[in-house]
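Structural overview for review
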Amino acid sequence: MTGPSTLPASAASFADRLDRLAQVAVRVGLGLRPGQELVMTAPLEAVALARAITEHAYRAGASLVTTFYADDAATLARFSHAPDEAFDHAAGWLYAGMADAYRSGAARLAISGDDPSLLAGQDPTKVARANRARSRAYVPALELIAGFSTNWTIVSAATTPWARTVFPDLPEDEALARLWDAVFAASRIDGPDPVAAWETHNRDLRERTERLNGARFAALRFVGPGTDLTVGLADDHEWCGGATTAKNGIVCNANIPTEEVFTTPHRMRVDGFVTSTKPLSYQGTLIDGIRVRFSEGRIVEATARTGADVLAKVLETDEGAARLGEVALVPASSAISASGLLFYNTLYDENAASHIALGQAYSKCFRNGGEGLSEADLTERGANRSLIHIDWMIGSAEIDVDGLSETGEAVPVMRRGEWV
Ligand code: ZN
Ligand code: ZN
């Protein structure tokens, strides 16, 4: 496999490329407005990117940038030394404060780059309790984010533990450099004008969603090795992808990179069986070889080659955790897939393959962006509700996808992982 970069790494210095990524995060990812506050979360190791983003945010007129850093060593110290009852505790005040900030107009940026297997050696019950407590405490903030009350984005930074997972056979420095190359290439910052490259990409994604919205399929059917799954789509669903207009009127790109077009499944109309095509990295644990069966929207059988106990706990989170909140189509030839790498990071791997997500639906994937629909209206149309939203990959170059009309007529949408 050759490296994923299209330009030689020497064409621009690392500092230049980091600066371009920060610029794309602020201008394309957030569309930050002069006077807007920015709340950022970042792994400690991503401090260089966080600082570059902070600089670009202030240059774009940000009134205040506040960053919360997460430290892997501190997280592990908690699992080693905190009292047992501590694992049902979460910093609710912090997430309530973030929700306050979003409600009063702050933008949100998350840098992802976490160690995919940070918690792999920890007691799965403690991991599940800690995740559940955090998920619950996070609800007020998550609802505002999922509903695009404000403009937000997630961007990645290469970090040593992440690089070690992606390139286990390379020396650490080389692994980190290779991962940065992959991050820069996937984030489309290596060409002469990254912001213009994103405008073109967003236009392509919009054409794709317009075609799917025109077709008004009632369901999608995925067929391939270990998979024959029919995903009914929510009534009045709309396909989304690329740039989004948040409720504050600001156009943002929630994911840098992004290759997917996605919509809301009907939580009661998913049937059949499906096998994951890539491992799922879930809050520090790898879940691999997932095989599940759905009946009337709900997972009724679930197995996994590794991480089965964590998967079982995830599915028990709440009533909506065993139902779908998203279905997304990504060609197997996407830039990220073409890198041939497994990233162990959902932001990357979900853009390498078609996927489904357990849990919370995006209320914006409805006609008119879901404007004016109450929770009851969303539920009536089939939107799922849950504390969790976990994407997992079911697409590959071996999967065919058909769109099914209301009368069950099949229209080829993808063949061998590519758009028809
Ligand atoms: Zn997705
Ligand atoms: Zn998702």
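Further up the page is the structure itself.
Below is a short write-up of the structure. In this text the structure is predicted, and so the values were computed from the model without any measurement. (Residues numbered from 1 in each chain as written. Chains lettered and ligands numbered in written order. Predicted model: local features only at pLDDT ≥ 70, side-chain atom pairs only at ≥ 80, totals over all residues. Heavy atoms only, no water.)

1. Comments concerning the overall build of the protein chain
Looking only at helices and strands, one finds twelve helices and 22 strands in the protein chain. Taking 2.2 N^0.38 as the reference for a compact globule, 420 residues should give roughly 22 Å; the C-alpha atoms of the protein chain span a radius of gyration of 20 Å, in line with that estimate. With the principal axes as the frame, the protein chain shows a C-alpha extent of 55 × 55 × 45 Å. For the protein chain, buried positions account for 53% of its 420 residues. Looking at the protein chain alone, contacts between residues at least 24 apart form 76% of all its contacts between residues at least 6 apart. Surface exposure of the protein chain reaches about 17400 Å², of which carbon and sulfur atoms provide 51%. Mean positive and mean negative side-chain charge positions of the protein chain (39 and 54 charges, respectively) differ by 3 Å. (Helix = DSSP H or I, 4+ residues; strand = E, 2+ residues; numbered from the N terminus. Rg over C-alpha atoms; globule rule 2.2 N^0.38 Å. Buried < 20%, exposed > 50% of the residue type's maximum accessible area, 1.4 Å probe, protein only. Contact = heavy atoms within 4.5 Å. Areas by Shrake-Rupley, 256 points an atom, 1.4 Å probe, with all protein chains shown as cover. Lys, Arg positive; Asp, Glu negative; His and termini not counted. Charge placed at Lys NZ, Arg CZ, Asp CG, Glu CD.)

2. With respect to the environment of Glu-380
Examined against the element boundaries, Glu-380 turns out to sit in helix H12 (residues 375-381). Among the residues examined, Glu-380 registers a relative accessible area of 61% and is labelled exposed. Placed 114 residues apart in sequence, Glu-380 and His-266 show a C-alpha to C-alpha distance of 9.6 Å.

3. Description of the coordination of the zinc ion (ligand 1)
For the zinc ion (ligand 1), every protein donor is listed as Glu-260 (OE), Glu-326 (OE), Glu-350 (OE) and His-355 (NE2), and the spread of their distances is 2.0 to 2.4 Å. For the zinc ion (ligand 1), the four donor atoms in the first shell make angles of 75 to 158 degrees at the metal, a pattern classed as irregular. Look at where the donors of the zinc ion (ligand 1) fall in the sequence and you get E-x65-E-x23-E-x4-H. Separating the zinc ion (ligand 1) from the zinc ion (ligand 2) is a distance of 3.4 Å, and Glu-326 supplies a donor atom to each of them. In this pair, Glu-260 is assigned in the loop between strand S10 (255-256) and strand S11 (261-263) and Glu-350 in the loop between helix H11 (346-349) and strand S18 (355-359), connecting sequence segments 90 residues apart. (Donors = N, O, S within 2.8 Å, 3.2 Å for Na, K, Ca; no water. Tetrahedral: all angles 85-135°; square planar, octahedral: opposite > 155°, others 65-115°.)

4. Observations regarding the sheet that holds strand S19 (residues 389-393)
Across the sheet, five strands lie side by side as S7-S11-S17-S18-S19; this open sheet has antiparallel pairing. Of all strands in the sheet, those with a lone pairing partner are strand S7 (240-241) and S19, marking the two edges. Two strands pair when backbone bridges link them, and S18 and S19 are joined in this way by five bridges, in the antiparallel orientation. Residue pairing across strands places Ile-356 opposite Trp-392, the latter belonging to S19. Along the sheet, helix H8 (residues 194-215) makes contact with S7, S11 and strand S17 (324-329), crossing S11 at roughly 40 degrees. (Pairing = 2+ DSSP bridges. Axes fitted to C-alpha atoms, helices over the stretch in contact; angles between N-to-C directions.)

5. Comments concerning the coordination of the zinc ion (ligand 2)
Of the protein atoms, only Glu-326 (OE), His-389 (NE2), Asp-391 (OD) and Asp-391 (OD) coordinate the zinc ion (ligand 2), at distances of 2.0 to 2.6 Å. Metal-centred angles of 54 to 144 degrees between the four donor atoms at the zinc ion (ligand 2) mark the site as irregular. Each donor residue of the zinc ion (ligand 2) belongs to the same chain, with the gaps between them written as E-x62-H-x1-D.

6. What about the packing of aromatic side chains?
Aromatic ring pairs are described here by two measures, namely the spacing of the ring centres and the angle between the planes. Within this structure, the stated rule accounts for nine aromatic pairs. Ring-pair connections join several aromatic residues into one group, and the members of that group are Phe-14, Trp-180 and Phe-184. Over the aromatic face of Tyr-138 sits the side chain of Arg-134, whose NZ or CZ is 4.8 Å from the ring centroid. (Phe/Tyr/Trp six-rings, centres within 6.5 Å; stacked < 30°, edge-to-face > 60°. Lys NZ or Arg CZ within 6 Å of the ring centre and 35° of its normal.)

7. Some details on helix H2 (residues 47-59)
Its 13 residues place the ends of H2 18 Å apart at the C-alpha level, agreeing with the 18 Å of an ideal helix rising 1.5 Å per residue. Within H2, the full set of buried residues consists of Leu-49, Ala-50, Ala-52, Ile-53, Thr-54, His-56 and Ala-57. Just beyond H2, the residue with positive phi is Gly-61, at close to 100 degrees. (Expected span 1.5 Å × (residues − 1).)

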